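Descriptive analysis of the structure
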Amino acid sequence: MMKKKTWRGTRFKKSAHPKADKFLSSIAFDKKLIEYDIKGSIAHAKMLGKCGIIKQKEAKTLVKGLNAVLSKYKKGKLRIDPEMEDAHLVVAKKLTAEVGNVSKKLHTARSRNDQVVLDVKMYCKEKIGMIIGSIKKLQKALLQFSKKSDQVIIPAYTHMQQAQCVSLAHYILAYVEMLKRDRMRIEGSFKILDEMPLGSCALSGVSLPIDRKYVAKVLGFSKVSNNSIDAVSDRDFIIEILGNLAILGMHLSRLSEDLILWSTKEFDFIEIGEAFCTGSSIMPHKKNPDVLEYVRGYTGRLYGNLNSLLVTMKALPLSYNRDMQHDKEVLFSSVEIAEDMLQVLAELCKDIKANRTKIAQALEKDPGLYSVDIVEYLVKKGKSYKDAHDITGNILKHCYKKKITKITKVTLPLNRLKAFSNVFGNDIYNITFEPKKSVNLKTSYGGTAIKNVRSQIKNWEKALKNA
Ligand code: ARG
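To keep things clear, this report deals only with the structure shown in the data block. (Residues numbered from 1 in each chain as written. Predicted model: local features only at pLDDT ≥ 70, side-chain atom pairs only at ≥ 80, totals over all residues. Heavy atoms only, no water.)

1. As for the overall build of the protein
- In terms of regular secondary structure, the protein is built from 19 helices and six strands.
- Taken against the 2.2 N^0.38 rule, which gives 23 Å for 467 residues, the C-alpha radius of gyration of the protein at 31 Å runs more than 25% over that of a compact globule.
- Overall size of the protein, expressed as C-alpha extent along the three principal axes, is 100 × 55 × 40 Å.
- For the protein, the residues scored as buried account for 48% of the 467 residues in total.
- By sequence separation, contacts in the protein at least 24 residues apart represent 76% of the contacts at least 6 residues apart.
- Accessible surface for the protein amounts to roughly 24000 Å². Of this, 55% is attributable to carbon and sulfur atoms.
- Averaging the locations of the 81 positively and 49 negatively charged side chains of the protein gives two centres separated by 3 Å. (Helix = DSSP H or I, 4+ residues; strand = E, 2+ residues; numbered from the N terminus. Rg over C-alpha atoms; globule rule 2.2 N^0.38 Å. Buried < 20%, exposed > 50% of the residue type's maximum accessible area, 1.4 Å probe, protein only. Contact = heavy atoms within 4.5 Å. Areas by Shrake-Rupley, 256 points an atom, 1.4 Å probe, with all protein chains shown as cover. Lys, Arg positive; Asp, Glu negative; His and termini not counted. Charge placed at Lys NZ, Arg CZ, Asp CG, Glu CD.)

So, in C-alpha cells, the structure goes:
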C-alpha cells in the first residue's frame, strides 16, 4: 500500500503506482540535505512569525520542533523512512510528529522548488569551505616536499623527451600554483551561489508580505535572488562547482601520473611510501601505485558528472522540471570524490622520497639538456639566436656521433668548441654542463634558479602559514 502524499489529498483520486513512486524517490541520496533543510526551515518559520504571516507563538513552536528534529538527526536518531519521497517531506513529517497540526503552517510562502535550491546552495557553501581547506593541506604537503628537494635537480621533459634541468622543488611548486588557481575558482563559485532563493516559491514569488532579506541574513547569504523564475530554474551554480572540481581533478590526475611515472623502474626518481601502494596476488615482487591510479581514474568520474548535468540541463524550458532532481547525485559524488582524493594525496605526498642517485644518473644521458645554455651563451657573445641555434645543433650532432654523454674540458676541449664558433671561451665550462650550474642560469622571474625557487618557497610558507 502506498502512503498518501501531501499533494495527493485533493486533486488525485488514485494513489501513486509503486513503480512510479520508487522511480521518482530521491530520499536515498537527498537525505544528505536534511540538516540544511531543517536550518532553512527554522529561518523560514522565524520570518513567517516576524512578518505576522503566522502567529509568533506558532513560529516559536515550529522552531522548537525543528530544533528537536535537528538534534535527533545529529544524534543519528532520526529514522528515515525509505518510502518517503524526499528530504523535504521527511523533515515535514518529523516536524508533525513533534508539534502536531501547527506544522501545516510551515509550508506557507514556500515551495519545494525554492526549498531544494536553498538546501543545495547551503550544502555547496559548506562543502566548498571543506574542499578549500583540503586543497590547502595538499599544498602544504607539496610545499614540504619542495623544501626537502630544492637542491635536487631533475631532467624536465617536453614531449616526454628530456628537455632542460630544473629543480625538483620548482617542478612540485608548479602543482602548488595550479592548486592556487583551483582554490580561486572554487572560491569564485562561492560568490555565485551566495544568492538566497527562498521566497521565489513555485516560480512567481508570493502575495504574502514575506521578508526575504531577513531569511538571507539568518542563513548567512549576502544577497537575495532578483528573479523568482531564475532562482528555481537554474542549476548553473552546481555546474560551475562540477566544472571547477573537474579542473581540480585534472591537476590531481596529472600529479598522480607524474608520480606514477617517476616511481617506475625505468625512471626510478622517487619512492612512494609502502602505506600507499599495494601488492600483487600473483607477482610477489610488485609494489603498485594504486592510490595514484585511483585518483587518475576518479578524475574520469568528475568529468562524467559535469557532462551529465550539462546534458540534463541543456534543453529544459524554464522553470522547474523534475529532470533537475538529477543534479544532486552528481554534485554529492564530485564533492566526495574531490575531498577523498585531496585527503589521500596530502598524506601520500608526505611519504615520498627522492632517489637522488638515480636522478643524477638520468642527468648524464643526454648533453642536450644544456643545449639552450649554449645557445644563450652564444647570444650573449653577440650571435643571433638563429645562428647560435645552428652552431649548438652542430655541437650536439658531434656529441651524439662521438657518444659524448657528458661535456667536459676533456670530452669537448675548447679548441674543438672553437671549431664550431670562435666566440667560445673557457668561461663556458664555468657556467653550464652541470645540472646545478644550468639551473642557476635561469634567474628570470619564475625561472628555476635555486635562489628563485627558495624565494618562492618562502612566499608559499607565508601564504600557507595560517591556512
Ligand atoms: N526532489 C526535488 C528535486 O530535487 C525537489 C523539488 C520537487 N518539486 C516538485 N515540484 N516536484 O528537484
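Back to the text.
2. Regarding the pattern of salt bridges
- The tally for this structure, following the rule as stated, stands at 24 salt bridges.
- The partner of Lys386 in a salt bridge is Asp390, with the nearest N and O atoms 3.0 Å apart. Here Lys386 and its partner Asp390 are both found in helix α15 (residues 385–401), four residues apart, which amounts to about one turn of the helix.
- A cluster of three or more residues bridged by salt bridges with shared partners is formed by Glu85, Asp86, Arg112 and Arg322. (Salt bridge = Lys/Arg side-chain N within 4 Å of Asp/Glu carboxyl O.)

3. A short note on the site of the ligand
- Taken together, the residues surrounding the ligand are Ser26, Asp86, His88, Arg112, Asn113, Val116, Tyr320, Arg322, Gln325 and Lys328.
- Tyr320 has a polar side-chain atom sitting 2.4 Å from an oxygen atom of the ligand.
- At a separation of 2.7 Å, a nitrogen atom of the ligand approaches a polar side-chain atom of Gln325.
- Taken by itself the ligand offers 340 Å² of open surface, and the protein chains cover 87% of this.
- A per-element tally of the shell around the ligand places helix α6 (residues 112–148) first, with three residues.
- Here the shell around the ligand is built from residues that sort into two nonpolar, four polar and four charged. (Near = heavy atom within 4 Å. Polar contact = N/O pair within 3.5 Å; in protein donor to acceptor, adjacent residues only side chain to side chain. Nonpolar A, V, L, I, M, F, W, Y, C, P; charged D, E, K, R; others polar.)

4. Regarding the packing of helix α10 (residues 236–262) against helix α11 (residues 290–313)
- As a packed pair, α10 and α11 sit with axes 8 Å apart at the nearest point and diverge in direction by 160 degrees. In this view, α10 runs roughly antiparallel relative to α11, as classed from their interaxial angle. You can see that α10 and α11 cross each other, and the crossing is left-handed. (Axes fitted to C-alpha atoms, helices over the stretch in contact; angles between N-to-C directions. Parallel < 35°, antiparallel > 145°, perpendicular 65-115°, else oblique. Left-handed = near helix turned anticlockwise from the far one by under 90°.)

5. Brief notes about α10
- Spanning 27 residues, α10 covers 39 Å between terminal C-alpha atoms, matching the ideal 39 Å at 1.5 Å per step.
- Summarising burial for α10: 21 of the 27 residues are buried, a large majority. (Expected span 1.5 Å × (residues − 1).)

6. Here's the deal with helix α4 (residues 56–74)
- Compared with the 27 Å implied by 1.5 Å per residue over 19 residues, the 27 Å span of α4 between its first and last C-alpha is a close match.
- Among all positions in α4, only Glu58, Ala59, Leu62, Val63, Gly65, Leu66, Val69 and Leu70 are buried. Seen from one end, α4 has its buried residues packed into an arc of 165 degrees, which puts them on one side. For α4, exposure combined with an orientation more than 90 degrees from the buried face picks out Lys57, Lys60 and Lys64.
- At its buried positions, α4 is contacted by α3 (34–50) and α5 (87–99). (Arc of directions from axis to C-beta.)

7. Brief notes about the pairing of strand β1 (residues 153–158)
- In this sheet, strand β2 (residues 161–167) lies alongside β1 in antiparallel orientation, the contact comprising six bridges. Within β2, the position partnered with Ile153 by the bridge is Ser167.
- A loop of two residues connects β1 with β2, the two strands running antiparallel in sequence, and His159 in this loop sits at a positive phi of about 55 degrees. (Pairing = 2+ DSSP bridges.)

8. Things to note about the side chain of Lys328
- By secondary structure assignment, the location of Lys328 is in helix α12 (residues 327–349).
- Ignoring anything within four residues of it in the chain, the contact list for Lys328 reads Phe29, Asp30, Leu33, Val116 and Val120.

9. A few points about unusual backbone geometry
- For the bond running from Leu318 to Ser319, omega is 5 degrees, close enough to zero to count as cis.
- Non-glycine residue Met160 carries a positive phi angle of around 65 degrees.
- Assignment of secondary structure puts Met160 in the loop between β1 and β2.
- In this structure, Lys403 takes a positive phi of about 55 degrees despite not being glycine.

10. A closer look at a nonpolar patch on the surface
- Together, Leu203, Ile229 and Leu318 make up an exposed nonpolar region whose accessible area comes to about 280 Å².
- Take Leu203: it is sitting in the loop between β3 (195–196) and α8 (212–219). (Patch = residues over 30% accessible without salt bridge, like charges linked within 9 Å, V, L, I, M, F, W, Y side chains within 5 Å.)

11. Thoughts on the packing of aromatic side chains
- For the structure on display, the rule yields 10 aromatic pairs.
- Taking 6.2 Å as the distance between ring centres and 85 degrees as the angle between the ring planes, the aromatic pair formed by Tyr370 and Phe433 counts as edge-to-face. In this pair, Tyr370 is assigned in the loop between α13 (356–362) and α14 (371–380) and Phe433 in the loop between α17 (427–431) and α18 (435–440), connecting sequence segments 63 residues apart. Like Phe433, Tyr370 is buried.
- Through a chain of ring-to-ring contacts, the aromatic side chains of Tyr157, Tyr171, Trp262, Phe267 and Phe269 assemble into a single cluster.
- Just above the ring of Phe12 sits the side chain of Arg11; from NZ or CZ to the centre is 5.5 Å. (Phe/Tyr/Trp six-rings, centres within 6.5 Å; stacked < 30°, edge-to-face > 60°. Lys NZ or Arg CZ within 6 Å of the ring centre and 35° of its normal.)

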